[in-house]
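Coordinates in review
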Amino acid sequence: QVQLVESGGGSVQPGGSLRLSCAASGSIFMINAMGWYRQAPGKQREMVATITSGGRTNYLDSVKGRFIISRDNDKNTVYLQMNSLNPEDTAVYYCNTDLTTTWGTPSMDYWGKGTLVTVSS
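These remarks concern the structure in this document. (Residues numbered from 1 in each chain as written. Predicted model: local features only at pLDDT ≥ 70, side-chain atom pairs only at ≥ 80, totals over all residues. Heavy atoms only, no water.)

A few words now on the state of the cysteines. Think of a disulfide as a covalent bridge from one cysteine sulfur atom to another cysteine sulfur atom. Under the defined criterion, the tally for this structure stands at one disulfide. Between C22 and C95 runs a disulfide, and the two sulfur atoms are separated by 2.1 Å. The sign of the S-S torsion, about -80°, decides the handedness of the disulfide formed by C22 and C95: left-handed. Of this pair, C22 sits in strand β3 (residues 18–26) while C95 sits in strand β9 (residues 91–100), and the two are 73 residues apart along the sequence. Here the two residues C22 and C95 agree in accessibility, since each one is buried. (Disulfide = S-S within 2.5 Å. Helix = DSSP H or I, 4+ residues; strand = E, 2+ residues; numbered from the N terminus. Buried < 20%, exposed > 50% of the residue type's maximum accessible area, 1.4 Å probe, protein only.)

W36, L80, M82 and Y93 are the most contacted members of the largest nonpolar core, which has 30 residues in total. Listing elements by their share of this core, those giving two or more residues are β1 (2–7), β3, β4 (30–39), β5 (46–51), β7 (67–72), β8 (77–82), β9 and β11 (115–119). Among all residues touching Y93, those that are not within four sequence positions of it are E6, L20, W36, Y37, R38, V48, F67, L80, M82, G114, T115 and V117. (Core = buried A, V, L, I, M, F, W, Y, C linked by side-chain atoms within 4.5 Å. Contact = heavy atoms within 4.5 Å.)

Here we come to the pairing of β5. As defined by bridge partners, β4 adjoins β5 across five bridges and the pair is classed as antiparallel. Bridged to G35 within β5 is T50. Where β5 meets strand β6 (residues 57–59), three bridges bridge the pair, whose relative direction is antiparallel. Looking at the pairing, T50 lines up with N58 of β6. (Pairing = 2+ DSSP bridges.)

Here's what the structure looks like:
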């Protein structure tokens, strides 16, 4: 059993900052990529940022230069530092990780339950 627990969401004014955290726990052998996705009301879920086990990152174009993804492999935790937030960033943010639970088995995707980020004046 694997759990992903997100924290750090909330309400902020335009131009503000928030830091999201997501800790993976349970039966984990190896974590590959970790990432953050978001879903705004009436829209499809989209990738915000991902980071490989080696630290290579990828970002949604609209958040480049404003968001920073990082991870602590010792803590099985991924972070998303969000700066210069604007109302278009309002969404439920979901943590995602690709991991294996046992040596020799295929990796699988796991999702957190989501944390709401609201950017409004």
